[in-house]
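Spelled out, the chains give:
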Amino acid sequence: MRKISNILLGVIFGFIILISPSSLFANDSIQKQKVYTFDIKEEIAPPVWRKTKKAFQEAKEIGADHMLIHMNTYGGLLDAADSIRTIILQSEIPVYVFIDNNAASAGALISIACDSIYMRSGANIGAATVVDQSGQALPDKYQSYMRSLMRSTAESSNRDPDIAQAMVDPRVEIENVIDSGKVLTFTTSEAIKFGFCEGEASSLKEVISKIGIPEYELVKQELAPIDHIIGWLIKPYISGILIMLIIGGIYFELQSPGLGFPSVAAILG
């Protein structure tokens, strides 16, 4: 009886040895990587900078392996764009961008800072000349700084700095790329051809597949109601109105004795 038991134990032990390697490594082989994604689909301004900073903090807290920006913007304020491109360049987590139509002006600067760029068919990237609210190009002092930002960002992400500068400066001429006198904007196929785009994609899932992540957990940024309220309040034109309310309230309060509506308006502002 003991002999039979020993044989059975031997068979079971041998079976465990045969099975255990695959069992031990099965979980490791299918371990899902965390991909954190957030949108930049509005004018680049303080609300977008706040949302981006919050996204990077959350991605770090959850131990994200990758970050993916879903972009569609015509650009915006240079200071906000500079802050966003800086946090991307300094990120320890790889950052990718999916241009879902437009990455113009400040959007181009942010995109170039990312480790990889993927674009939808029919998308565009470029036209980064600094302009005022009426669309007129600002003096060369501003263009010079933007040219330097574009060049240094391209160098940091191993892209051609001359092409990046041509997106700002119409004086730049690059053979077979852009004629002098024109500001450069790439289509998807052109961006791929000249090394400013890693590939074409039609969705975030396709981008993740092209990056080479077999198993993943997609974590999308979820903003709380208070975040939407703060984002609205720090929009440039809203901030301007509130500042005018404060100054106007104080001025009119000084013109009349006692506390009244101007004081309330200023405090509210």
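See the structure above.
What counts as what
Counting starts from 1 at the beginning of each chain's written sequence and moves along it residue by residue. Totals for whole chains, interfaces and linings use all residues, but because this is a predicted model, local features are given only for residues with pLDDT of at least 70 and pairs of side-chain atoms are given and counted only at 80 or more. Each side-chain value is derived from all of the structure's non-hydrogen atoms; neither hydrogens nor water enter the calculation. Salt bridge, as used here: a side-chain nitrogen of Lys or Arg that lies within 4 Å of a carboxyl oxygen of Asp or Glu. Under the DSSP-based scheme used, a helix requires at least four consecutive residues in state H or I and a strand at least two consecutive residues in state E, with every element numbered from the N terminus. Classification of residues uses two cut-offs on accessible area relative to the type maximum, computed with a 1.4 Å probe and protein chains only: under 20% is buried, over 50% is exposed, and between them is partly exposed. Pairs of residues are marked as contacts when any of their non-hydrogen atoms sit within 4.5 Å. Two rings from Phe, Tyr or Trp (for Trp, the six-membered ring) form a pair when their centres are within 6.5 Å of each other. A pair whose planes differ by under 30 degrees is stacked, one over 60 is edge-to-face, and the rest are tilted. Here a helix's expected span is defined as the number of its residues, less one, multiplied by 1.5 Å. Directions drawn from the helix axis to the C-beta atoms are what define this arc. Interaxial angle, 0 to 180 degrees, is taken between N-to-C directions of lines fitted to C-alpha atoms, where a helix line uses only the stretch in contact. Roughly parallel means an angle under 35 degrees; roughly antiparallel means over 145; roughly perpendicular covers 65 to 115; every other angle is labelled oblique. Two helices cross in a left-handed way if the nearer one is turned anticlockwise from the farther one by less than a right angle. They cross in a right-handed way if the turn is clockwise. Three classes are used: nonpolar for Ala, Val, Leu, Ile, Met, Phe, Trp, Tyr, Cys and Pro, charged for Asp, Glu, Lys and Arg, and polar for all others, with Gly counted as polar.

**Student:** So, the pattern of salt bridges: which residues are in play, and what are the values?
**Tutor:** Taken as a whole and assessed by the stated rule, the structure comprises 11 salt bridges. A salt bridge links R85 to D82; its shortest N-O distance comes to 2.9 Å. With R85 and D82 both in helix α3 (residues 78-89), this residue pair falls 3 residues apart, about one helical turn. Judged on exposure class, the residue R85 and its partner D82 are both buried. Among the salt bridges present, the one from R147 reaches D169, with a minimum N-O distance of 3.7 Å. With R147 in helix α5 (residues 140-156) and D169 in the loop between α6 (161-166) and β6 (185-187), this residue pair connects regions lying 22 residues apart in the sequence. On the basis of relative accessible area, R147 is assigned to the buried category, the value being 12%. Through salt bridges with shared partners, one network takes in D140, R147, D169 and R171.

**Student:** Let's hear about the side chain of H70: which residues, and what values?
**Tutor:** In this fold, H70 is placed in strand β2 (residues 66-73). On the accessibility criterion, H70 (11% relative accessible area) is buried. With sequence-adjacent residues up to four places away left out, H70 is seen in contact with F38, D39, I40, K41, F98, D100 and L204.

**Student:** Quick rundown of the packing of aromatic side chains? Include the residues and the values.
**Tutor:** One pass over the structure, following the stated rule, counts 3 aromatic pairs. Ring geometry for F186 versus F196: centroids 6.1 Å apart, planes at 65 degrees, classification edge-to-face. Residue F186 is located in strand β6, and its partner F196 is located in the loop between α7 (188-193) and β7 (199-200); the two are separated by 10 residues in the primary sequence. A residue is classified by how much of its surface remains accessible, and F186, at 1% relative accessible area, is buried. With a relative accessible area of 0%, F196 lands in the buried category.

**Student:** I'd like to hear about α5, residue by residue, with values.
**Tutor:** Taking 1.5 Å of rise per residue, the 17 residues of α5 would be expected to cover 24 Å, and the 24 Å separating its terminal C-alpha atoms lies within 8% of that figure. Three or more residues of α5 are buried, namely Q143, M146, R147, L149, M150, T153 and A154. Burial along α5 is one-sided: seen end-on, the buried residues are contained in an arc of 160 degrees. Pointing more than 90 degrees away from the buried face of α5 are the exposed residues K141 and S156. On its buried face, α5 is in contact with α3, α4 (106-113) and α6. Just downstream of α5 lies N158, where phi reads positive at about 60 degrees.

**Student:** Which residues make up the environment of V168, and what values go with them?
**Tutor:** Along the polypeptide, V168 turns up in the loop between α6 and β6. The sequence separation of V168 and M150 amounts to 18 residues, and the corresponding C-alpha distance is 8.0 Å. If near-sequence neighbours (up to four positions away) are discounted, V168 is found in contact with A128, T129, Q143, M146, R147, M150 and V183.

**Student:** Tell me what's going on with α4, and back it up with residues and numbers.
**Tutor:** For α4, the tally of buried residues reaches 8 of 8 residues, placing the bulk of the element in the interior. Residues of α4 that are buried: A106, G107, A108, L109, I110, S111, I112 and A113.

**Student:** So what's going on with unusual backbone geometry? Which residues, and what values?
**Tutor:** Not every positive phi belongs to a glycine, and S105 is a case in point at roughly 55 degrees. The backbone of N158 shows a phi angle near 60 degrees, a positive value even though the residue is not glycine. Note on N158: relative accessible area 73%, which makes it exposed.

**Student:** Mind laying out the packing of α4 against α5, listing which residues take part and the relevant values?
**Tutor:** The packing of two helices is summarised by the inter-axis angle and the distance between the axes. With their axes 8 Å apart at the nearest point, α4 and α5 run at an angle of 25 degrees to one another. Judged by the angle between their axes, α4 and α5 are roughly parallel. Remark: the crossing between α4 and α5 carries left-handed chirality. Contacts between α4 and α5 involve A108, L109, I112 and A113 on the former and, on the latter, M146, L149, M150, T153 and A154. Residues belonging to the contact of α4 with α5 are distributed by class as follows: 8 nonpolar, 1 polar and no charged.

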